[in-house]
Protein chains: 2
Amino acid sequence: MTTKISPIKARRPRGFSDRSGAEIRANEAMIARIRRVYERYGFEPVETPLIEYSDALGKFLPDQDRPNEGVFSFQDEDGQEARSGPAATGKGEWLSLRYDLTAPLARYVAENYERLPKPYRSYRWGWVLRNEKPGPGRFRQFMQFDADTVGASSPAADAEMCMMAADTMEEIGIPRGQYVIKVNSRKVLDGVMDAIRVQDAHQRLVILRAIDKYDRLGIEGVRLLLGQGRKDESGDFTKGAGLDASQVDALEQMLSFRVEVETLADGSEKSRLIGKLARRFPDITSKAFDAALDELGRISRLVEAAGYDDRVVLDASVVRGLEYYTGPVFEADLTFEIKDDEGRPVRFGSVGGGGRYDGLIGRFMDEAIPATGFSLGVSRLQAALAALGTGDHGERAGPVVVLVMDRDRIGDYRAMVAALHRADVPAEVYLGEAGMRAQMKYADRRNAPLAIIQGEDEKRRGVVQIKDLALGKKLSAGVADNKEWREERPGQEEVAEADLVEAVNRLLGRGERRPP
Amino acid sequence: MTTKISPIKARRPRGFSDRSGAEIRANEAMIARIRRVYERYGFEPVETPLIEYSDALGKFLPDQDRPNEGVFSFQDEDGQEARSGPAATGKGEWLSLRYDLTAPLARYVAENYERLPKPYRSYRWGWVLRNEKPGPGRFRQFMQFDADTVGASSPAADAEMCMMAADTMEEIGIPRGQYVIKVNSRKVLDGVMDAIRVQDAHQRLVILRAIDKYDRLGIEGVRLLLGQGRKDESGDFTKGAGLDASQVDALEQMLSFRVEVETLADGSEKSRLIGKLARRFPDITSKAFDAALDELGRISRLVEAAGYDDRVVLDASVVRGLEYYTGPVFEADLTFEIKDDEGRPVRFGSVGGGGRYDGLIGRFMDEAIPATGFSLGVSRLQAALAALGTGDHGERAGPVVVLVMDRDRIGDYRAMVAALHRADVPAEVYLGEAGMRAQMKYADRRNAPLAIIQGEDEKRRGVVQIKDLALGKKLSAGVADNKEWREERPGQEEVAEADLVEAVNRLLGRGERRPP
């Protein structure tokens, strides 16, 4: 009934990708490891849908150069709510695809607050979508894995997030010394902004976003964005925060604490950020600054007491771009080097982050609800493991393939497959139309460990040929002579029909499996 | 920095739901079982993104009463393609959220055709989204699990789909006799429509959709939709196909084959649809009808040879609503009864379906590519298992909770948790601000098996109290006297600090676990 028209081009929108079996399995192996850590810490899975009311998600993303950038949104055609709600226009309300897993969690907690245990400790993973300009390594659909503790205002909850992130790095295969969990507080920046007399909310946001680009643009780029503005490589101009030179200097001074370490009496080095901040900015009398030093001090002591201070360190340059953080902020950074597109060595960098967002749930409620969380970029971590050469690569042997030598006997071939299935051996009959050579090529492309062959002659003698494709590949490397190869037929053996399953199990190195 | 405004209502759009830990785990257990079957049959996982170009997905959904219904769509703001493409309007192209997993697979196969093994056998599961009117049990985001064989035109591929679906039902816990896999061919309907001289493509589509509603509306409802039209309970009128009474009769006759069975000589009953169709419509000379009888006959013989004919049966009333099917169509039906909203017994009904779609991949290519697949509704299956009382309910014990008796000693409590973590025991320190009673209530709500208590007195004596909450609950049912209860303290024991991990492992019934 379909009308033939000129073919449509088969293509994906930019920034979206397909995943192969190997990628899916590698991803699952990583998810399972992260979950093992989070469950060990007492976190419970929970999941929210892909679509939410736009106003429930809010607009907290960085880099919004045009209106609505960052979020995929559309109007609901289910008019029900609009008709019964205050805006009885007949038009639907705005819906958005989730751009992170934190904003939907805030909605979930507020909606179910009474029945949830407090503190509420949960984790979730899934796709998030961003309507951003795609680019190399920059996707519009990517996977995040979040853990959150809601209803605990104590810095112990923040410290736990950081230590759990460190444990997670090691559980998925990133060795100690190759990662660092950095901690800071938004209140450090708030305090410095108080001190340099920046009060305007929008200006403060522009400063936050400028500093968040420090990793990518370096200090010169950040200085331009803190000052009059910056023209990027494409020629686009981004207006700056408009600070004067002395204000920019103060912020640069704050940022510079990232690389300094203090050498202790025993020769070891520790990042003593709190003391350094207090000494460097002795004239800051901001309440925010005092609060920052207090909460960072408490986190620092908990981390040290638990023996994580070689992995969880304070770093004043971390601010995180999401607008909703209110206190401590975290970043998981991989410190090993990879090659960039031009072959130059660069640090792998951030694979996730998080922080305290005491205002986000309160948007839905009459009271503020404290909350803190950590979000890992699953695809980034997968890329990191690939770069390190560790982790599960996801490759697996394919099914045993029963070749079709005689099309009329497909029922017999299917019976062999059914017998293998009962022994829990993955197996299939070749379902295409092609001949013997193409069938062998198919088995090879499926990464089949064995091919089963029963032609007219074998059928008459009540036997089957089993070709060990993996062994055949290995042996063929050592056989010089084509004639010898044909005579010896390495990796092929003949067994009685009745012994097929047993022989397959033996060749696959499988013991007795569960009976039919 | 956030400004306090009046609270936003925390709510989800209709037709979207959150999932609890128990639901997530039950779902995972089912997914794992389905995958086990599909891997055994030699299918390989592959995944496509949530968003595709609208033209790549096409519009094949049933029930499109208004334009664009069924699919969430929006214009791309990534103008790159539009600018370089033919429609250089500066506006982006239309994107859609996937409404099933078949249309994206067709795009994937066409895009990667050369490098894929042929036949290409794959499976995938994930969320699909439909912009439909939500209702009770009718969701706008739901999970499907699909398997497809691309590049095999043989009915053996269709027969395999049906037998694999039957195996899947049993693997996930639906006993034989409680389900049936129904098979039909679109060409049966095509043949009957040829015979009653319906040629108009739109009219044929209206007939298809009317018959697809047979399960829900019954024969009277379908007759109205085949004739002048039907007014539903809400008063909305759906225009009919405009057939005359004799045409409607012929279609009703075709449908009636669903319930008839043939009693064989040995007393057993078999659905001999093909013979019946041929006898009842002896004057149909349509090529489509002949092709239908041929392909159904071949599927039927394969199913019988494999011993699946008690579970995979032919049924002329199955047409499936998706427009893209071209030949055999399948439906998985659960035959046991549940209670409807008014307490009346109703058959559980369809939990999935599929069919052959030889034209879908060809939309992207210069040649037609044969393909067949089966799609299971995961949420429907989950509901079925719940109704049967089988399956994994997903409930799990929570973490061991270490109570905070002395806020200054949180470091000590964390050390206990760290020791339990090293022994792979899920455990956490209570992170809230509340007192002893609320902490015990928290442990209870977390379904914690044990609570660890160390107050000032225990600390001095170098011991901890371990409260077995599960045992305590069980014992409390048998203790009549409150005084006796307090004295005996059932389910509570005191151990030396150093023996904490060992005692916890013993109480949890865990043997030696992997060392730190």
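Novice: I tried to follow the packing of aromatic side chains on my own but got confused; where do I start?
Specialist: Remark: the centre distance and the inter-plane angle together describe each pair of aromatic rings, the angle taken between the planes. Scanning the model with the defined rule gives 27 aromatic pairs over all chains in all. Look at A:Phe74 and B:Phe74: their rings are 5.2 Å apart centre to centre, the planes differ by 5°, and that puts the pair in the stacked class. Pair noted here: A:Phe74 is in strand S3 (residues 73-75) and B:Phe74 is in strand S3 (residues 73-75), and the two residues belong to different chains. As far as burial versus exposure is concerned, A:Phe74 and B:Phe74 are alike and both buried. When the centroid spacing of 5.2 Å and the interplanar angle of 90° are considered together, the rings of B:Tyr38 and B:Phe145 count as edge-to-face. Of this pair, B:Tyr38 sits in helix H1 (residues 21-40) while B:Phe145 sits in strand S6 (residues 141-150), and the two are 107 residues apart along the sequence. In this structure, B:Tyr38 and B:Phe145 share a single accessibility class: buried. Taken together, A:Phe16, A:Phe72, A:Phe74, B:Phe16, B:Phe72 and B:Phe74 form an aromatic cluster joined through their ring pairs. Positioned above the aromatic ring of B:Tyr113 is the side chain of B:Lys118, whose terminal nitrogen or guanidinium carbon lies 4.4 Å from the ring centre. Between the NZ or CZ atom of B:Arg363 and the centre of the ring of B:Phe364, over which it lies, the distance is 5.5 Å.

Novice: What am I meant to see in helix H5 (residues 155-171) of chain A here?
Specialist: Each α-helix winds once per 3.6 residues, and so residues spaced three or four apart point in a common direction. Residue and element names in this part refer to chain A. Relative to the 24 Å expected for 17 residues at 1.5 Å per residue, H5 spans 24 Å between its end C-alpha atoms, a close match to the ideal helical length. Judged by how many residues are buried, H5 sits mostly within the fold: 16 of 17 residues are covered. Just downstream of H5, Gly-173 is the residue with a positive phi angle, here 110°.

Novice: What am I meant to see in the environment of A:Ser379 here?
Specialist: All names here are of chain A. Looking at the element boundaries, Ser-379 is found in helix H12 (residues 378-388). The sequence separation of Ser-379 and Asn-27 amounts to 352 residues, and the corresponding C-alpha distance is 8.1 Å. Beyond its immediate sequence surroundings of up to four residues, Ser-379 is in contact with Phe-142 and Met-143.

Novice: Can you help me understand the environment of B:Tyr53 in this one?
Specialist: Mapped onto the elements, B:Tyr53 comes out in strand S2 (residues 51-53). Separated by 54 residues in sequence, B:Tyr53 and B:Arg107 have C-alpha atoms that sit 9.9 Å apart.

Novice: I keep staring at the relation of the copies chain A and chain B and nothing clicks. Help me out?
Specialist: One copy of the chain maps onto the second through a rotation around an axis plus a translation along that axis. After a rotation of 180° and a shift along the axis of 0.0 Å, chain A superposes on chain B with an RMSD of 0.1 Å. Interpreted geometrically, this transformation is the action of a two-fold axis. Taking C-alpha positions as reference, the residue of chain A nearest the rotation axis is A:Phe74, located at 3.2 Å. Same-surface contact between copies: 100% of interface residues of chain A are shared with the interface of chain B.

Novice: It is not clear to me how the pairing of strand S15 (residues 371-377) of chain B should be interpreted in this structure. Could you clarify?
Specialist: For a regular strand, side-chain orientation follows a simple rule: the groups alternate between the two sheet faces. Residues and elements named next belong to chain B. S15 sits mainly inside the fold: 7 of its 7 residues count as buried. Judged by which residues are buried, S15 turns out to be covered on both faces: Ala-371, Gly-373, Ser-375 and Gly-377 on one side and Thr-372, Phe-374 and Leu-376 on the other are all buried. Of the strand pairs in this sheet, S6 and S15 are connected by 7 bridges, and their pairing is antiparallel. Bridged to Thr-149 within S15 is Thr-372. Alignment of strand S14 (residues 345-356) against S15, held across 5 bridges, turns out to be antiparallel. Residue Gly-354 lies in a different strand from S15, and its bridge partner there is Phe-374.

Novice: Looking at this structure, how should I read the interface of chain A and chain B?
Specialist: A common way to express how large an interface is: the accessible area buried when the components associate. Taken together, the contact between chain A and chain B spans 103 residues of the former and 104 residues of the latter. Summing both partners gives a buried area of about 9300 Å² for chain A against chain B, and 53% of it is carried by carbon and sulfur. Counting across the chain A and chain B interface gives 18 salt bridges. The closest approach of N and O atoms between A:Arg25 and B:Glu44, which form a salt bridge, is 3.3 Å. At the boundary of chain A with chain B, the tally comes to 38 residue pairs in polar contact (both at pLDDT 80 or more). With 8 residues, helix H1 (residues 21-40) of chain A is the single largest residue contributor to the side of chain A that touches chain B. Looking at the side of chain A that touches chain B, its residues break down into 46 nonpolar, 16 polar and 41 charged.

Novice: What's the story with the confidence of the model for chain A in this structure? I'm lost.
Specialist: The predicted structure's coordinates, where accompanied by low pLDDT, should not be read in detail. All names here are of chain A. When pLDDT is averaged across chain A, the result is 87; 87% of the residues are at 70 or more. Under a pLDDT of 50 for its full length, residues 80-90 has, in the predicted model, 12 contacts with residues more than four places off or in other chains. Across the interface, the model reports ipTM at 0.88; the global pTM reads 0.89.

Novice: Can you walk me through the sheet that holds strand S19 (residues 463-468) of chain B in this structure?
Specialist: Sheets are built from strands that pair by backbone hydrogen bonding, the pairs being arranged parallel or antiparallel. Residue and element names in this part refer to chain B. Pairing in this open sheet of 5 strands is mixed, and the strands run S17-S16-S18-S19-S20 from one edge to the other. Each end of this open sheet is capped by a strand with a single partner; those strands are strand S17 (427-429) and strand S20 (492-496). Along the sheet, successive strands turn relative to each other by an average axial angle of 25°, direction set aside. Pairing of strand S16 (residues 400-402) with S17, which is carried by 3 bridges, proceeds in the parallel orientation. From the neighbouring strand, Val-400 faces S17, where its bridge partner is Ala-427.

Novice: Help me understand the packing of helix H5 (residues 155-172) of chain B against helix H11 (residues 287-305) of chain B in this model?
Specialist: Angle between the axes and distance between the axes: these two values describe a pair of packed helices. Residue and element names in this part refer to chain B. Between H5 and H11, the shortest axis-to-axis distance is 9 Å and the interhelical angle comes to 50°. Relative to H11, the element H5 is oriented oblique. H11 is crossed by H5, and the crossing has right-handed handedness. Residues Pro-155, Ala-156, Asp-158, Ala-159 and Met-163 of H5 lie in contact with H11, whose contacting residues are Glu-295, Arg-298, Ile-299, Leu-302 and Val-303. Residues of the contact of H5 with H11, tallied by class, amount to 7 nonpolar, no polar and 3 charged.

Conventions adopted
Residues numbered from 1 in each chain as written. Chains lettered and ligands numbered in written order. Predicted model: local features only at pLDDT ≥ 70, side-chain atom pairs only at ≥ 80, totals over all residues. Heavy atoms only, no water. Phe/Tyr/Trp six-rings, centres within 6.5 Å; stacked < 30°, edge-to-face > 60°. Helix = DSSP H or I, 4+ residues; strand = E, 2+ residues; numbered from the N terminus. Buried < 20%, exposed > 50% of the residue type's maximum accessible area, 1.4 Å probe, protein only. Lys NZ or Arg CZ within 6 Å of the ring centre and 35° of its normal. Expected span 1.5 Å × (residues − 1). Contact = heavy atoms within 4.5 Å. Least-squares fit on C-alpha atoms with pLDDT ≥ 70 in both. Pairing = 2+ DSSP bridges. Buried area = accessible area lost by both parts, 1.4 Å probe. Salt bridge = Lys/Arg side-chain N within 4 Å of Asp/Glu carboxyl O. Polar contact = N/O pair within 3.5 Å; in protein donor to acceptor, adjacent residues only side chain to side chain. Nonpolar A, V, L, I, M, F, W, Y, C, P; charged D, E, K, R; others polar. pLDDT = per-residue confidence, 0-100. Axes fitted to C-alpha atoms, helices over the stretch in contact; angles between N-to-C directions. Parallel < 35°, antiparallel > 145°, perpendicular 65-115°, else oblique. Left-handed = near helix turned anticlockwise from the far one by under 90°.

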